[in-house]
Amino acid sequence: MQSDIHRYRLAYGKGAAMKSHYIFVVAAALIFWAAVTGAPAQQQINSGQMATSLAAVSNTGLSLTGAQMRQAVLDNIHNYPGALPPHPLTFPQLENLAQFVVEVDFDFNSAVIRPSSYRTIGAIADALHNPILLGYGFLVIGHTDSVGGRQFNVGLSQRRAEAIRDALIDPFNVNPAVLDAVGMGEEQLRDPAHPTSGVNRRVQLVNVGKKFCFGRSGEQFVCP
Amino acid sequence: MIKETSLICALWLVLAAVFPANAQTMSYADAISQLAAACRNDIEKYCKGVPLGPRLKTCFDTNGARMSPQCQQARGIVYTSISRRAAAQRNIGDACNADIARLCGTSHADAHLVECLLSVSPAAMSSQCNQTFTDTGWRTERARQ
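As a convention, each chain's residues are numbered from 1 in the sequence order in which they are written. Each chain is given a letter, starting from A, and each ligand a number, starting from 1, according to the order in which they appear as written. Where local features are concerned, this predicted model is filtered to residues with pLDDT of at least 70; where side-chain atom pairs are given and counted, the filter is 80 or more; whole-chain, interface and lining totals use all residues. Side-chain descriptors were evaluated using all non-hydrogen atoms of the structure, hydrogens and water having been removed beforehand.

K.L.:
Honestly, the overall build of chain B in this entry has me stumped. Any pointers?
P.N.:
Looking only at helices and strands, chain B has 8 helices and 0 strands in total. Written out in order from the N terminus, the α and β elements of chain B read α-α-α-α-α-α-α-α. Scored against the burial criterion, the 145 residues of chain B give a buried share of 46%. Any two residues having at least one pair of non-hydrogen atoms within 4.5 Å are treated as being in contact. Residue pairs in contact within chain B that sit at least 24 positions apart in sequence constitute 60% of those at least 6 positions apart. Helix and strand definitions here come from DSSP, where helices need a minimum of 4 consecutive H or I residues and strands a minimum of 2 consecutive E residues; each element is numbered from the N-terminal end. The buried label goes to any residue with under 20% of its type's maximum accessible area, the exposed label to any with over 50%, and the partly exposed label to all in between, with areas taken from a 1.4 Å probe on protein chains only.

K.L.:
Quick question: what am I supposed to make of the overall build of chain A here?
P.N.:
Within chain A, the secondary structure is distributed over 8 helices and 7 strands. Here chain A holds 224 residues, and the buried ones make up 54% of them. The contacts of chain A with a sequence gap of at least 6 include a subset with a gap of at least 24, amounting to 81%. As displayed, chain A offers around 9400 Å² of accessible surface, 56% of which is attributable to carbon and sulfur atoms. Calculation of accessible area relied on Shrake-Rupley with a 1.4 Å probe; when residues are assessed, cover is drawn exclusively from the protein chains displayed.

K.L.:
I would appreciate a short explanation of the confidence of the model for chain B in the present structure.
P.N.:
Caution is warranted with low-pLDDT regions, since their predicted coordinates should not be read in detail. Residues and elements named next belong to chain B. A residue-level look at chain B finds 80% of positions with pLDDT of 70 or above and a mean pLDDT of 85. A low-confidence stretch, residues 11–18 (pLDDT under 50), is modelled with 6 contacts involving residues beyond four sequence positions or located in other chains. Interface predicted TM-score (ipTM) for the complex: 0.83; the corresponding pTM is 0.81. What pLDDT expresses is the predictor's confidence in each residue, scored from 0 to 100.

K.L.:
How should the interface of chain B and chain A be read in this particular structure?
P.N.:
Quite often, the size of an interface is put as the accessible area lost when its parts meet. The partner chain A presents 31 residues to the 33 residues of chain B that form the contact. When the two sides are added together, the surface that chain B and chain A hide from each other amounts to roughly 2800 Å², 59% of it contributed by carbon and sulfur. Put simply, buried area is the surface a 1.4 Å probe can reach on two separate parts but cannot reach once they are joined, added for both. Looking only at chain B, the three residues that lose the most surface to chain A are Tyr 28, Leu 52 and Gln 145 of chain B, adding up to 22% of its buried area. The salt bridge definition used is simple: a Lys or Arg side-chain nitrogen within 4 Å of an Asp or Glu carboxyl oxygen. Connecting chain B to chain A are 2 salt bridges. If you list the elements that add at least two residues to the side of chain B that touches chain A, you get α2 (28–46), α3 (54–63), α4 (69–95), α6 (111–119) and α8 (138–144) of chain B. Looking at the side of chain B that touches chain A element by element, the count peaks at 8 residues for α2 of chain B. Taken together, the residues of the side of chain B that touches chain A sort by class into 17 nonpolar, 8 polar and 8 charged. Think of it as three bins: nonpolar holds Ala, Val, Leu, Ile, Met, Phe, Trp, Tyr, Cys and Pro, charged holds Asp, Glu, Lys and Arg, and polar takes everything else, Gly as well.

K.L.:
Would you take a moment to explain unusual backbone geometry for this structure?
P.N.:
Note: most residues except glycine have negative phi, and most peptide bonds are trans. Cis geometry is found at the peptide bond from Asp 170 of chain A to Pro 171 of chain A, where omega equals 25°. Positionally, Pro 171 of chain A belongs in the loop between α8 (150–169) and β4 (179–185).

K.L.:
How should I be thinking about the pairing of β4 of chain A in this particular structure?
P.N.:
Two faces, one strand: in a regular strand the side chains alternate between the faces of the sheet. Across the 7 residues that make up β4 of chain A, a large majority, 6, are buried. Think of it like this: strands point away, you trace from the first strand over the helix to the second, and a clockwise trace means the crossover is right-handed. Handedness of the crossover is the feature at issue here: the chain leaves strand β3 (residues 136–143) of chain A, passes through α8 of chain A, returns alongside β4 of chain A, and the resulting connection is right-handed.

K.L.:
Help me understand helix α5 (residues 66–79) of chain A, please; the structure alone is not making it clear to me.
P.N.:
An α-helix turns once per 3.6 residues; consequently, residues spaced three or four apart project the same way. Residues and elements named next belong to chain A. Its 14 residues place the ends of α5 20 Å apart at the C-alpha level, agreeing with the 20 Å of an ideal helix rising 1.5 Å per residue. Those residues of α5 lying buried are Gly 66, Met 69, Arg 70, Ala 72, Val 73, Leu 74, Asn 76 and Ile 77. Residues of α5 that are buried sit in contact with α6 (92–95), β3, α8 and β4. The span you would expect from a helix comes to 1.5 Å times its residue count less one.

K.L.:
How should I be thinking about the environment of Ala 127 of chain A in this particular structure?
P.N.:
Residues and elements named next belong to chain A. The topology assignment puts Ala 127 in helix α7 (residues 118–128). Taking relative accessible area as the criterion, Ala 127 reaches 0% and is therefore assigned buried. As for Ala 127 and Met 50, which are separated by 77 residues in sequence, their C-alpha atoms are 6.1 Å apart. Excluding its chain neighbours within four sequence positions, the residues that come into contact with Ala 127 are Ser 47, Met 50, Ala 51 and Leu 133.

K.L.:
Just to check I follow, could you spell out the pattern of salt bridges for this structure?
P.N.:
Between side chains of opposite charge, pairing is possible as soon as their charged atoms come close. As enumerated under the stated definition, the model contains 14 salt bridges over all chains in all. The residue Arg 70 of chain A makes a salt bridge to Asp 180 of chain A at a minimum N-O spacing of 3.2 Å. Of this pair, Arg 70 of chain A sits in helix α5 while Asp 180 of chain A is found in strand β4, placing the two residues 110 residues apart along the sequence. Look at Arg 70 of chain A and you get buried, because its relative accessible area is 18%. Asp 180 of chain A gets classed as partly exposed once you look at its relative accessible area, which sits at 24%. A salt bridge links Arg 102 of chain B to Asp 99 of chain B, with the nearest nitrogen and oxygen atoms 3.3 Å apart.

K.L.:
Looking at this structure, how should I read the state of the cysteines?
P.N.:
Note: disulfide means a covalent bond formed between the sulfur atoms of two cysteine side chains. All names here are of chain B. For this text, the term disulfide refers to a pair of cysteine sulfurs within 2.5 Å. Tallied over the entire structure, the rule returns 4 disulfides over all chains. At a sulfur-sulfur separation of 2.1 Å, the disulfide partner of Cys 47 is Cys 59. Every disulfide takes its handedness from the sign of the S-S torsion; for Cys 47 and Cys 59 that torsion is -95°, giving left-handed. Of this pair, Cys 47 sits in the loop between α2 and α3 while Cys 59 is found in helix α3, placing the two residues 12 residues apart along the sequence. Residue Cys 104 pairs covalently with Cys 116 via a disulfide, S to S 2.0 Å. Handedness here is read from the sign of the S-S torsion; for Cys 104 and Cys 116, about 90°, the answer is right-handed. Here Cys 104 is found in helix α5 (residues 97–104), whereas its partner Cys 116 is found in helix α6, with 12 residues between them in sequence. Numbered by position along the chain, the disulfide-linked cysteines of chain B connect as 1-4, 2-3, 5-8, 6-7.

K.L.:
Even after reading the chapter, I still don't get the packing of aromatic side chains, so can you show me in this structure?
P.N.:
The geometry of an aromatic ring pair is captured by the separation of the ring centres together with the interplanar angle, meaning the angle of the planes. All names here are of chain B. Only centres within 6.5 Å qualify two rings of Phe, Tyr or Trp (six-membered ring in Trp) as a pair; their planes then separate them into stacked at under 30 degrees, edge-to-face at over 60, and tilted for everything else. Scanning the entire structure with this criterion turns up 2 aromatic pairs over all chains. Ring plane angle 65° and centroid distance 6.3 Å describe the contact between Phe 60 and Tyr 79, whose orientation is recorded as edge-to-face. Within this pair, whereas Phe 60 is found in helix α3, its partner Tyr 79 is found in helix α4, the two being separated by 19 residues in sequence. Tyr 79 shares its class with Phe 60; the two are buried. Of note, Lys 57 hangs over the ring of Tyr 79, and the distance from its end group to the ring centre comes to 5.4 Å. As a reminder, the over-ring test applies to NZ of lysine and CZ of arginine, requiring each to be within 6 Å of the ring centre and within 35 degrees of the ring normal.

Set out below in structure tokens:
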């Protein structure tokens, strides 16, 4: 799968280089999300509110894995070819889970997070370290707009989601075992009527349920 | 050699002055945005294209001496704060085990542990446990919720 992404990335490299710099948006608990969509791009994230939102919906865990989602994205491109995705890819299992939206700026056509977004990554780390989220697993899902090839966008959003995951792990010490990164490309446009709009560029942070429990002396184990 | 040693000593003195043992650690958001603000030009000059993560710290370590004084100072404070908060969040169970047993009659090393520590007065806690709990930042994070 990775080699496919790489191949298409090269194939679509020229088109994507036309792209102006990319902004990623992470989405908030859906109700919360609707309330904040009018907020300015570089709003300051409150890590406490983010933690509360991410813990807001109790759930019993998600059977869908990051690997299955990554495969579904590639299948969607294969099964429904076209410049724009004719059928948006949906994951009904995710819809009722607690999630949050923020924005992250990246260098042009790159997965390098800009210093202007360091605070946002730090705030996500503060939220994920909040004790109310201890032991929960999270998907970091990157979305692009429709500028550039679909397969290229999958690769770029995957690398950007991984860059966020990697920064959360080091320097911010989030447990790698609770994070999975998924690049959705443009397969799930938020505003299909305006596919190049900035509102499509986002990263969702989704709570996928309790992954680890803790014993009386602090040892961590997979919840029974 | 002597010069290096005295530089290191001077750095420690500066760090000790600006970051005394009983200080609070910064939130990760405050810490890293302080780094971004103080080092924006130096990152652009010396670490362009280096991802936020271990490679950025390596870039700072490699080019630190050439960077602006305010960036060098921020770098020391920020990375010290981040690793101290991370260590506290990792070690809180051990640091407060006896306190939790004494104050709350339990030793659950999960979210209950924090509820216990939030519910008791800092004065009732051992200084080690209180300092570690302060360093986790969980009192201030709770206040933000």
